[in-house]
Amino acid sequence: MQKVEVKLSPWQKNGALLQLPDDYGTSNKRYPLIIFLHGKSKSGNDLEKLTLEGIPYWLDKGAKIDAVNPVDHQTYKFIFVAPQAPSWGLAPAAVNEVLNDVISRYRIDTTRIYITGYSAGGWATVMAITDNAKLTKRFAAAVPMSPASIDEANLLHFKMVADAGLHCWYFAGSNELHFLENSQRYIDSTNKYQPGLTKLSNHGQRHCCWKEFYDPHFKENGMNIYQWMLQYQLPAKPTKKKA
């Protein structure tokens, strides 16, 4: 993975790990983007810490995380960006700024932007999808794992998730009861407006195991999280005709 800097605000940057597809330099294609958000202990300014868990762990080990879309049966390669928060996790405004920055620099298919994270990164994921409708509508799907408790104000905003038709796959375990209760609360808060947008994997374990669930070989009902994300795509924005 490349070490780059990304904007967290108009006046602040911090490090991030970036992985481009192996054919990026020889094609003119646009690629799906997965933004990965780390847990609290990986915050700061040491990017090597990010490779200890989740998607960066596997990419650092040389894993190929291509995936076959169950809808169109095509194989997709991803652009991955893992921004590092100076402390705790990224607030929604910072997530939005990262998106603006990387979209301006790389060929990203903006109909296929996916967000995922664990623990504090799960918090950051759910905060991002419940902050404001404009940001919610930027994502085609979300995978929050063991999310920490979001702000009380955001608990009132799950109608934005339902209105956007944003599918979410939550992970939590019965041996991390607080995080499981968080996930169920967020699921219920979505389902009251539109059932069927959410799913929960109760792995039955403690606050752990993010190498396992981000492993492309981990599958539930025949799909890993990358295949699951690809099922969902935003409508393409109409191109403006030249006068």
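Scroll up to find the structure this text is about.
Residue positions are counted from 1 within each chain, in the order its sequence is given. Reporting in this predicted model follows two pLDDT cut-offs: at least 70 for local features of residues, and 80 or more for side-chain atom pairs to be given and counted; totals over whole chains, interfaces and linings ignore these cut-offs and use all residues. As a rule here, side-chain values come from all non-hydrogen atoms in the structure, and water together with hydrogens is ignored.

(A) Focus on the nonpolar core. Residues grouped as a nonpolar core are buried Ala, Val, Leu, Ile, Met, Phe, Trp, Tyr and Cys residues, joined through side-chain atoms within 4.5 Å. Categorising residues by exposure relies on relative accessible area from a 1.4 Å probe, with only protein chains included: less than 20% of the type maximum marks a residue as buried, more than 50% marks it as exposed, and the intermediate range marks it as partly exposed. In terms of nonpolar packing, the biggest core is built from 43 residues, with Ile115 and Phe139 touching the most fellow members. The contact rule is simple, with two residues in contact once any of their heavy atoms fall within 4.5 Å. Phe139 has contacts with Ile35, Val95, Leu99, Ile113, Ile115, Ala128, Ile129, Leu166 and Leu234, leaving out every residue within four places of it along the chain. Tyr76, Ala140, Trp169 and Tyr232 belong to the second-largest nonpolar core, a separate cluster that totals 37 residues.

(B) Structural detail: the state of the cysteines. Note on terminology: disulfide denotes any pair of cysteine sulfur atoms within 2.5 Å. Per the counting criterion, the structure on display carries one disulfide. A sulfur-sulfur distance of 2.2 Å marks the disulfide that ties Cys208 to Cys209. Taken as a pair, Cys208 and Cys209 share a single burial class, namely buried.

(C) Expanded view of the pairing of strand S9 (residues 167-172). Along S9, six of the six residues are buried, which leaves the element largely enclosed by surrounding structure. Alternating positions in S9 separate into two faces, His167, Trp169 and Phe171 on one and Cys168, Tyr170 and Ala172 on the other, with burial throughout. One bridge is not enough; two strands pair if DSSP finds at least two bridges between them. Only DSSP runs of H or I reaching four residues or more are called helices, and only runs of E reaching two or more are called strands; each is numbered from the N terminus. Relative to S9, strand S8 (residues 141-145) runs parallel, the two sharing three bridges. Pairing of Ala142 across the sheet is with Cys168, part of S9. By the criterion used throughout, a crossover qualifies as right-handed when its path from the first strand across the helix to the second strand runs clockwise, the strands pointing away from the viewer. As a crossover connection, the stretch from S8 through helix H5 (residues 158-164) into S9 is right-handed. With five bridges joining them, S9 and strand S10 (residues 198-202) adopt parallel strand pairing.

(D) Representation of the layout of surface pockets. The rule is simple: put a 1 Å grid over the protein atoms alone, call a set of points where a 1.4 Å probe fits but cannot get out a cavity, call an open set with protein on both sides within 12 Å along at least five of seven lines a pocket, and count a residue as lining if it has an atom within 4 Å of a point. Grid points are joined across faces, edges and corners, and a volume is the space filled by probe spheres set on the points. Volume-wise, the largest pocket comes out at about 380 Å³. Around the largest pocket, the lining is made up of 17 residues, and of these Lys134, Lys137, Arg138, Leu234 and Lys237 lie nearest the centre. Mapped by element, the contributors of at least two residues to the lining of the largest pocket are helix H2 (92-105), strand S7 (108-118) and helix H4 (133-136). For the lining of the largest pocket, the element with the highest residue contribution is H2, accounting for four residues. Tallied by class, the residues present in the lining of the largest pocket amount to eight nonpolar, four polar and five charged. Of the pockets and cavities examined, the second largest pocket occupies roughly 160 Å³. Every residue lining the second largest pocket is listed: Gln19, Leu20, Pro21, Asp22, Leu59, Ala63, Lys64, Ile65, Asp66, Lys77, Phe78 and Phe80. Broken down by class, the residue content of the lining of the second largest pocket amounts to seven nonpolar, one polar and four charged. Gly is put with the polar residues, along with every residue not named as nonpolar or charged; the nonpolar set is Ala, Val, Leu, Ile, Met, Phe, Trp, Tyr, Cys and Pro, and the charged set is Asp, Glu, Lys and Arg.

(E) Representation of the packing of aromatic side chains within the structure. Aromatic rings from Phe, Tyr and Trp, with only the six-membered ring used for Trp, were paired whenever their centres fell within 6.5 Å, and each pair was classed as stacked if the ring planes differed by under 30 degrees, edge-to-face if by over 60, and tilted otherwise. By the definition in use, this model includes 16 aromatic pairs. An angle of 40° between the planes, with centres 6.0 Å apart, marks the rings of Phe36 and Tyr118 as tilted. Taken together, the residues Phe36 in strand S3 (residues 31-37) and Tyr118 in strand S7 connect sequence positions 82 residues apart. Aromatic pair Tyr170 and Tyr186: ring centres 6.3 Å apart, planes at 50°, arrangement tilted. Within this pair, whereas Tyr170 is found in strand S9, its partner Tyr186 is found in helix H6 (residues 177-191), the two being separated by 16 residues in sequence. Of the two residues, Tyr170 and Tyr186, both sit in the buried class. Counted as over-ring charges are cases with an Arg CZ or a Lys NZ within 6 Å of the ring centre that also lie within 35 degrees of the ring normal. The ring centre of Trp169 lies 3.8 Å from the NZ or CZ of Lys199, which sits over that ring. Residue placement shows Lys211 over the ring face of Tyr57; its charged tip is 5.3 Å from the ring centre.

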